[in-house]
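What follows is the residue order along each chain.
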Amino acid sequence: MTRVQLRRGEEGRIKGGHPWVYRTEIETIYGAFEPGDIVTVEDHRGRFIGRGYINPASMITVRLLIYNRDEEIDKAFWRRRLAAAWNYRQMVLQGAGTDAYRIVFGEADFLPGLIVDKFGPYLVVQTLALGIDRFKDTLVEILDELIQPAGIYERNDVPVRELEGLELRSGFLKGPFDPLVIIQENGLKFYVDLAGGQKTGYFLDQRENRAAIQPFVKGARVLDCFCHTGGFSLHAAHYGAREVLGLDISAEAIAVARRNAVLNGYGDLCFFEVANVFDALRELERQEERYDVVILDPPAFVKARRALQGAIRGYKEINLRAMKILAPGGFLVTCSCSYHMPEDLFLEVIKDAALDAHRRLRLLARRGQAPDHPVLMGYDESRYLKCLLLQVL
């Protein structure tokens with residue numbers, strides 16, 4: 001088997017649990033290989049570290065799968081890994097009141113580059129690395145046997161695949177079926193477009209955070225910024241808000257949000273508008289509008305470390321504007337899904353926004369992603385979602 005030998009001193013992070021080997025950490029590669037092959041990774045003295053799949057076209061050159069020299073990567077191996085992921089979700093989501101959740105969260109489930117989401121009776125699969133893509137047919141076969149979904153859809157239309165030298169594609173792996181499905185979450189129903197929605201169709205990682213707003217929204221006037229298809233908006237209505245306005249720049253998302261409001265009987269309570277949130281917040285401030293609760297759940301402002309300073313300005317701007325339109329004692333729910341924006345820095349940005357807005361804050365909760373998106377210790381990239389619940393005084 002091809003051997004990838006690391007430079008002296010580069011093994012510490014990997015032995016600490018991080019599953020990626022970067023191109024710059026490699027001293028020598030011994031033996032011939034094809035991109036996507038399984039290779040052995042060694043330290044600079046030739047001592048075994050693990051095995052994974054290699055792709056020299058990617059800065060992440062090796063993604064580690066196993067750390068046991070004697071373990072074979074065969075169909076039985078893939079079955080064990082998928083079964084472990086499936087069993088974990090059945091355990092942690094008991095009584096969660098949902099039929100939609102993430103079954104495989106890539107590296108955090110020791111299946112680098114693989115995403116599998118369940119939406120009602122259907123599965124959506126993404127293979128985001130060359131190595132895992134080579135095993136797609138085997139993985140789909142095992143998922144079909146293990147979970148017995150009514151259908152499986154492939155959403156390999158994401159640009160990150162191009163970094164791996166993979167083509168973009170989507171379509172039915174088991175089907176066909178109507179890709180517009182209805183899921184259940186926290187007593188609500190949502191339309192999810194498996195073929196055309198963002199990511200795999202819906203943001204499953206905010207499930208518990210959407211439920212966490214319940215104590216703050218009863219009788220409240222609520223503004224939901226970057227509302228997508230109405231996840232937070234509908235939860236606010238469900239928990240007793242007197243009025244909800246959702247804003248998003250995507251006309252397609254707003255159309256689905258309106259359908260979701262009608263689907264749940266809140267068509268006369270939830271209103272949705274297509275808007276640039278930055279502009280809308282400034283206009284609401286100019287009009288001296290006041291809300292009891294403002295929710296900020298923007299897309300990732302920082303997708304690479306080099307974009308961090310611009311992202312800081314963006315996060316500060318929307319949080320400052322949100323604080324200025326909150327009634328005294330109102331509540332701010334503010335989120336960041338950017339891994340490159342660590343929580344401590346995010347808190348500093350919020351504090352700076354409060355200082356400029358002449359507001360004082362009480363931090364009520366620091367929350368993260370739902371447990372079907374587990375955090376793997378040693379792999380900080382798996383801990384990406386921050387959700388702060390604040391009272392603005």
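Before reading further, recall that the structure is shown in the block above.
Trainee: Help me understand unusual backbone geometry, please; the structure alone is not making it clear to me.
Mentor: Peptide bonds are mostly trans, and most non-glycine residues show a negative phi. At the junction of G175 and P176, the peptide bond is cis and its omega measures out at 5° in the coordinates. With phi around 60°, H358 is a residue other than glycine that occupies positive phi space. Within the element layout of this structure, H358 appears in the loop between α12 (343–357) and β19 (361–367). Note on H358: relative accessible area 69%, which makes it exposed.

Trainee: Any chance you could explain the sheet that holds strand β9 (residues 122–127) here in plain terms?
Mentor: Pairing between sheet strands relies on hydrogen bonds along the backbone, with the strands arranged either parallel or antiparallel. Across the sheet, five strands lie side by side as β7-β8-β9-β10-β11; this open sheet has mixed pairing. Of all the strands in the sheet, just β7 (100–105) and β11 (169–174) have a single pairing partner and so form its edges. Neighbour-to-neighbour, the strand axes of the sheet open up by a mean angle of 20°, direction not taken into account. Pairing of β7 with strand β8 (residues 114–119), which is carried by five bridges, proceeds in the antiparallel orientation. Looking at β8, one finds that V104 is bridged to V116. Along the sheet face, helix α2 (residues 75–92) touches β7 and β8 and points at about 145° away from the line of β7.

Trainee: How do you make sense of the packing of aromatic side chains when you look at a structure like this?
Mentor: Working definition: an aromatic ring pair is given by the centre-to-centre distance plus the angle between the planes. Under the definition given, this model contains 15 aromatic pairs. Between W20 and Y379, the aromatic rings sit 5.4 Å apart at their centres with planes inclined by 70°, giving edge-to-face as the arrangement. One end of the pair, W20, is in strand β2 (residues 20–22); the other, Y379, is in the loop between β19 and β20 (386–392), with 359 residues separating them in the sequence. The residues W20 and Y379 share a single accessibility class, namely buried. Taking 6.0 Å as the distance between ring centres and 35° as the angle between the ring planes, the aromatic pair formed by F278 and F301 counts as tilted. Of the two residues, F278 sits in helix α10 (residues 277–286) while F301 sits in the loop between β17 (291–296) and α11 (308–324), which places them 23 residues apart along the sequence. By relative accessible area, which is 24% here, F278 ends up partly exposed. By the ring-pair criterion, three or more aromatic residues cluster together here, those being F226, F278, F301, Y315 and F346. When the ring centre of F232 is taken as origin, the NZ or CZ atom of R210, which lies over that ring, is 6.0 Å away. When the ring centre of Y191 is taken as origin, the NZ or CZ atom of R259, which lies over that ring, is 4.2 Å away.

Trainee: Help me understand α11, please; the structure alone is not making it clear to me.
Mentor: Spacing of three or four residues puts side chains on the same side of an α-helix, whose turn is 3.6 residues. Its 17 residues place the ends of α11 24 Å apart at the C-alpha level, agreeing with the 24 Å of an ideal helix rising 1.5 Å per residue. Restricting attention to buried positions, one finds in α11 the residues L308, A311, I312, G314, Y315, I318, N319, L320, R321, A322 and M323.

Trainee: I'm lost on empty space enclosed by the protein in this one. Help?
Mentor: Here the idea is plain: a probe the size of a water molecule rolls over the atoms and shows the empty space left. In total, this model carries one cavity of 30 Å³ or more according to the counting rule given. Taken as a whole, the largest cavity encloses approximately 30 Å³ of empty space. Around the largest cavity, the lining residues are Y53, I54, N55, I60, T61, R63, A129, L130, G131 and E164. Looking at the lining of the largest cavity, the elements with two or more residues in it are β5 (48–54), β6 (60–66) and α3 (130–133). In terms of residue count, the dominant contributor to the lining of the largest cavity is β6 (three residues). Residue composition of the lining of the largest cavity, by class: five nonpolar, three polar and two charged.

Trainee: Whenever I open this one, the state of the cysteines confuses me. Can you help?
Mentor: Note: disulfide means a covalent bond formed between the sulfur atoms of two cysteine side chains. Here the structure, examined in full by the defined rule, presents zero disulfides. Between C225, a free cysteine, and C227, which holds the nearest cysteine sulfur, the sulfur-to-sulfur gap is 8.6 Å. Take C225: its relative accessible area is 0%, and that puts it in the buried class. Sulfur of C387: no disulfide; nearest cysteine sulfur belongs to C335 and is 3.7 Å away. Accessibility expressed as a relative area gives 0% for C387, which makes it buried.

Trainee: What is the right way to look at helix α9 (residues 251–263) in this model?
Mentor: Here α9 contains 13 residues, and its C-alpha end-to-end distance of 18 Å stays within 8% of the 18 Å for a straight helix at 1.5 Å per residue. Looking at α9, one finds that the buried residues are A253, I254, A257, N260 and A261. Around the axis of α9, the buried residues are gathered within 115° of arc, so they sit on the same side. Away from the buried face of α9 by more than 90 degrees, exposed residues E252 and V262 are located. Against β13 (188–193), α8 (231–238), β15 (243–248) and β16 (270–274) lie the buried residues of α9. With its phi angle positive at about 80°, G265 sits one or two positions after the end of α9.

Criteria and thresholds
Residues numbered from 1 in each chain as written. Predicted model: local features only at pLDDT ≥ 70, side-chain atom pairs only at ≥ 80, totals over all residues. Heavy atoms only, no water. Helix = DSSP H or I, 4+ residues; strand = E, 2+ residues; numbered from the N terminus. Buried < 20%, exposed > 50% of the residue type's maximum accessible area, 1.4 Å probe, protein only. Pairing = 2+ DSSP bridges. Axes fitted to C-alpha atoms, helices over the stretch in contact; angles between N-to-C directions. Contact = heavy atoms within 4.5 Å. Phe/Tyr/Trp six-rings, centres within 6.5 Å; stacked < 30°, edge-to-face > 60°. Lys NZ or Arg CZ within 6 Å of the ring centre and 35° of its normal. Expected span 1.5 Å × (residues − 1). 1 Å grid on protein atoms, 1.4 Å probe; cavity = no way out; pocket = protein on both sides within 12 Å on 5 of 7 lines; lining within 4 Å. Points joined across faces, edges and corners; volume = space filled by probe spheres on them. Nonpolar A, V, L, I, M, F, W, Y, C, P; charged D, E, K, R; others polar. Disulfide = S-S within 2.5 Å. Arc of directions from axis to C-beta.

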